[in-house]
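For reference, the chains in residue letters:
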Amino acid sequence: MAATAIPIDTLPSVNPATGQVLAQIEKTPPEMVARSVTLALAAQREWAKVSIRERCERLRKLCDVIMVSRNELADAVVNESGKPRVEAIFADLFVALDSAEYWSKHAADLLRTERVSHHSIAAKAKSGRLIYEPLGVIGIISSWNYPLAIPLSQIIPAVVAGNAVVCKSSDFTPQCGALIEKVFDEATFPQDLVTVAQGSAEVGQALIEAGPDKVLFTGSVATGRKVAEACAKKLIPTVLELGGKDAMIVLADADLQVASSAAVWGSYTNCGQVCLSVERLFVEQAIAEEFAELCVEKTKKLRVGPGSDPSTDVGPLIRPQHVQRMLDLVEDAVARGARVFCGGNTRPDLGPNFFEPTVITGVDSSMRLFQEETFGPILAMQTVKSSEEAVQRANDSPFALAASVWTKDVKKGQAIAQRLRAGAVMINDAISYFGIAEAPHGGCGASGWGRTHGRAGLLEMVQTKYIDTDQLPRSEKPWWYRYGSELERAADSFLRFEFSRGAGAKLRNASSALKTFFRDHGL
Ligand code: NAD
């Protein structure tokens, strides 16, 4: 092979703003992935012996390394995902740093051994404890849209809990993947503890095939289904973070200036390529017209361009096929009666993947725009007569990731939040809970299962082991052999003693119940 030829086993790092190939990153041959998992397991066995305090200390170092490397990391995110640098800083870097900071401070407390008190008399003579043990090797398969925030906020709690990680980063963001491995190396994590496998579907499949102890998958519903099937065949437990179709409910009493800014940002941030994007707006009739006008006015002021230009608000979509999808979705909605207020066109003058931020009203559930995940810069709105109708329509979706409610009446907002089918509901804000380390993230239905982030996310990374210590080691248990009609009667008295209502019934059965405890076993 000539020295300048590109080896075929590389992944191109492509800038979506220009379509230009920035670099070629070496692919991980699928047959090497099993070896990475084996090496990770060996590293994990040693790592699990390191005290949790020390593991937390290592996370502080990771935080420092990320801070020092933040410009390099932000450049990679902007170059490969196309988002404006401000978003790379606020979303990717902040979430990664905050995750390292949070778990370094709180993991030890949250994984501390817990005493379990027993309510039943039958178990009173036992002391119970819960301990949280690492699972082993966690396989993380990730999407491209937050190429640092998502994998790092999953890898960090995995390793602090004592696991190793083999992460299959997205083939759209290979430089970001390479940098993830680099920051763990620089923070002096043990060799092989955190490995990044580079490649497409076949590398993800090889990772599952290698039999990690758990798989955390972030991506589309279609791939999630394949991952769930492949894992089920091997009985590998999964967390699936899939798509969203988040509703934003704007009540008539909402602050319309604030809510319209939120709708615009929530629909277009990261060019709408966010699992938590505002994808379905339900606006109460009384304010619908004014609200739509505000959204249009604000949308028209946004500057579309490459993420590397500091004045850009909305960057490009990730690939040309995503641009075509936006055109198809708009065409379908218009054909069924929706109205485009602004946008709706591609911007080939800016580059191959630009699409104008678009406001569409009169959208309803007959249209693809309300059925499928949009994953692009389209603000789609439907007018509703009441909050009741808004709740019904919001819940009328196979997706159930998150939602938001906008109102000055916080109690009403909270009451509506309880009725929405979603893993998280924000009142008077959208999306940003993803950056709150304590807040669990995840949904149900087509949005997947399990949780990342927060204590619920940490507990996905461990096995909960119950340890029972008997306090009467010199006595045989009442339920042991041998059996007979006397024991049967005593056992029934025991049930009546435990579960009858009223002190009288309990007293009447106490002495015969005690016979179950103090008897000659006859063995
Ligand atoms: P995708 O499903 O195309 O790919 C996700 C990952 O899976 C990639 O790394 C890909 O290479 C890998 N993969 C593909 N086929 C595979 C297979 N058969 N076996 C194993 N791995 C395989 O998704 P994407 O385009 O990268 O991401 C966009 C999607 O991710 C959107 O639907 C978005 O909503 C979702 N997402 C969800 C969350 C969440 O937290 N719920 C967060 C971000 C993105």
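On a predicted model such as this, the values are computed, not experimentally measured, just so you know.

When you go through the chain residue by residue, the secondary structure sums to 17 helices and 20 strands. Summarising its shape, the C-alpha atoms of the chain cover approximately 90 × 65 × 40 Å along the three principal directions. Put simply, the chain has 523 residues, and 53% of those count as buried. Residue pairs in contact within the chain that sit at least 24 positions apart in sequence constitute 71% of those at least 6 positions apart. Only carbon and sulfur atoms are counted for the fraction: they give 54% of the accessible area of the chain, which is about 23600 Å². Measuring between centres, the 57 positive side-chain charges of the chain sit 8 Å from its 61 negative side-chain charges.

Now for helix 13 (residues 387–395). Residues of helix 13 that are buried include every one of S387, E389, A390, V391 and A394, and no others. In the core, the buried residues of helix 13 are packed alongside strand 10 (246–250), strand 11 (278–284), strand 14 (378–384) and helix 14 (410–419).

Here we take up the sheet that holds strand 12 (residues 339–342). Taken together, the seven strands give an open sheet; going across it, the order is 12-13-14-11-10-16-17, and neighbouring strands pair in mixed fashion. The strands lining the two open edges of the sheet, one partner per strand, are strand 12 and strand 17 (424–427). Direction aside, neighbouring strands of the sheet carry axes that sit 25° apart on average. In the sheet, strand 11 pairs with strand 14 via four bridges, with the strands oriented parallel. Looking at strand 14, one finds that V283 is bridged to T383. Its contacts with the sheet put helix 9 (residues 256–268) on strand 10, strand 11, strand 13 (358–361), strand 14 and strand 16 (402–406), and the angle it makes with strand 14 is roughly 135°. With respect to the sheet, helix 14 is in contact with strand 10, strand 16 and strand 17, its orientation differing from that of strand 17 by roughly 165°.

Attention now goes to helix 17 (residues 503–517). For helix 17, with 15 residues, the first-to-last C-alpha span of 20 Å sits near the 21 Å given by 1.5 Å per residue. Of all the bends in helix 17, the greatest measures close to 50° and is centred on A510. The complete set of buried residues in helix 17 reads A505, N509, S512, A513 and T516. Looking at the buried residues of helix 17, the elements they touch are helix 16 (485–499).

Under the defined criterion, the tally for this structure stands at zero disulfides. For the unlinked cysteine C295, the closest cysteine sulfur is that of C342, found at 9.1 Å.

Close contacts around the ligand come from 29 residues, with S142, K168, S220, L242 and E373 the closest. Between S220 and the ligand, the recorded distance is 2.6 Å, taken from a side-chain N or O atom to an oxygen atom. Burial of the ligand by the protein amounts to 90% of the accessible area it has alone, namely 850 Å². Sorting the residues of the shell around the ligand by element identifies helix 7 (201–209), strand 8 (214–218) and helix 8 (221–233) as the ones contributing at least two each.

Okay, the packing of helix 16 against helix 17 next. Two numbers describe how helix 16 lies on helix 17: the axes approach to 7 Å, and their chain directions differ by 135°. What the angle tells us is that helix 16 and helix 17 run oblique. Two packed elements cross with a definite hand, and for helix 16 against helix 17 that hand is left-handed. Of the residues in helix 17, those touching helix 16 at L487, A490, A491, S493, F494, R496, F497, E498 and F499 are K506, N509, A510, S512, A513, K515, T516 and F517. In the contact of helix 16 with helix 17, the residues fall into nine nonpolar, four polar and four charged.

A cluster of acidic residues, E289, E290, E293 and E297, forms a negative patch on the protein surface. Since its relative accessible area comes to 43%, E297 is described here as partly exposed.

What follows concerns the pairing of strand 8. The buried fraction of strand 8 is high, at five of five residues. Examined bridge by bridge, strand 5 (residues 137–141) and strand 8 share four bridges and lie parallel to one another. The partner of I140 across the bridge, within strand 8, is L216. As defined by bridge partners, strand 8 adjoins strand 9 (residues 238–241) across four bridges and the pair is classed as parallel. Looking across to strand 9, one finds that F217 is bridged to L240. One crossover worth recording links strand 8 to the parallel strand 9 by way of helix 8, and it is right-handed.

Moving on to the environment of F518. Tracing the chain through its elements places F518 in the segment after helix 17. Considered as a pair, F518 and K477 are 41 residues apart in the sequence and their alpha carbons are 9.1 Å apart.

All chains considered together, the criterion is met by seven aromatic pairs. Ring geometry for W144 against F172: centres 6.2 Å apart, planes inclined by 40°, an arrangement best described as tilted. Remark: F172 occurs in the loop between strand 6 (164–168) and helix 6 (174–186) and W144 occurs in the loop between strand 5 and helix 5 (149–160); sequence separation between them is 28 residues. Across the pair, F172 and W144 agree in class, each one buried. When the ring of W144 is compared with that of F375, the centres are 5.9 Å apart and the planes differ by 80°; the resulting orientation is edge-to-face. With W144 in the loop between strand 5 and helix 5 and F375 in the loop between helix 12 (368–371) and strand 14, the pair connects residues that are 231 residues apart, well separated along the chain.

The next point concerns the confidence of the model for the chain. With 98% of its residues at a pLDDT of 70 or more, the chain has an overall mean of 96. In this model, residues 1–7 is a region of pLDDT below 50 whose contacts with residues beyond four sequence positions or in other chains number two contacts.

Turning our eyes to something else, we now look at the side chain of H322. Following the sequence through the fold, H322 ends up in helix 11 (residues 320–335). A relative accessible area of 18% means that H322 is categorised as buried. Apart from residues lying up to four places away in sequence, H322 is in contact with W144 and L317.

Right, let's talk about a nonpolar patch on the surface for a bit. A cluster of nonpolar side chains, contributed by Y481, Y483 and L523, occupies part of the molecular surface with about 440 Å² of accessible area. Here Y481 is to be found in the loop between strand 20 (462–470) and helix 16.

Put simply, helix 2 (residues 52–68) and helix 5 touch, their axes get as near as 9 Å, and they point 155° apart. Comparing their axes, helix 5 and helix 2 come out roughly antiparallel. Of the residues in helix 5, those touching helix 2 at I52, R55, C56, L59, L62 and I66 are L152, I156, V159 and V160.

Parameters and conventions
- Here the residue numbers are simple positions, counted from 1 along each chain's written sequence.
- Where local features are concerned, this predicted model is filtered to residues with pLDDT of at least 70; where side-chain atom pairs are given and counted, the filter is 80 or more; whole-chain, interface and lining totals use all residues.
- As a rule here, side-chain values cover all heavy atoms of the structure and leave hydrogens and water aside.
- Only DSSP runs of H or I covering at least 4 residues are called helices, and only runs of E covering at least 2 are called strands; the numbering of each starts at the N terminus.
- Relative accessible area decides the class of each residue, using a 1.4 Å probe on protein chains only: under 20% of the type maximum gives buried, over 50% gives exposed, and in between gives partly exposed.
- By definition in these notes, contact holds between two residues if any of their heavy atoms fall within 4.5 Å.
- All accessible-area figures derive from a Shrake-Rupley calculation using a 1.4 Å probe, and residue coverage is judged against the displayed protein chains alone.
- Just so you know, the count uses Lys and Arg for positive and Asp and Glu for negative, and it drops His and the chain ends.
- Note on charges: their place is set at NZ of Lys, CZ of Arg, CG of Asp or CD of Glu.
- Note: two strands are recorded as paired if DSSP finds a minimum of 2 bridges between them.
- Fitting a line to C-alpha atoms yields each axis, with helices limited to the stretch in contact; the angle taken between N-to-C directions then spans 0 to 180 degrees.
- One less than the residue count of a helix, multiplied by 1.5 Å, gives the span that helix is expected to have.
- Here the bend at a residue is taken as the angle between two axes, fitted respectively to the seven residues that end there and the seven that start there.
- Only a pair of cysteine sulfur atoms within 2.5 Å counts as a disulfide in this structure description.
- Nearness of a residue to a molecule or strand requires only that one of the residue's heavy atoms be within 4 Å of it.
- Distance and chemistry together define a polar contact, namely a pair of N or O atoms within 3.5 Å, with one atom able to donate a hydrogen and the other to accept it when in protein, and with adjacent residues in sequence counting only for side-chain atoms on both sides.
- Each angle gets one of four labels, with under 35 degrees taken as roughly parallel, over 145 as roughly antiparallel, 65 to 115 as roughly perpendicular, and the rest as oblique.
- Should the near helix be turned anticlockwise from the far one by less than a right angle, the crossing is left-handed, and should it be turned clockwise, the crossing is right-handed.
- Amino acid classes used here: Ala, Val, Leu, Ile, Met, Phe, Trp, Tyr, Cys and Pro are nonpolar; Asp, Glu, Lys and Arg are charged; the rest, including Gly, are polar.
- To count toward a patch, a residue needs a relative accessible area over 30% and no salt bridge; like charges are then connected within 9 Å, while nonpolar side chains (Val, Leu, Ile, Met, Phe, Trp, Tyr) are connected within 5 Å.
- What makes a salt bridge here is a side-chain nitrogen of Lys or Arg within 4 Å of a carboxyl oxygen of Asp or Glu, nothing more.
- Here a crossover is taken to be right-handed if, once the strands point away from the viewer, the path from the first strand over the helix to the second is traced clockwise.
- In this scheme Phe, Tyr and Trp rings, the latter by its six-membered ring, pair at centre separations within 6.5 Å, and the angle between planes marks the pair as stacked below 30 degrees, edge-to-face above 60, and tilted otherwise.
- A residue's pLDDT is simply how confident the predictor is in it, with values from 0 to 100.

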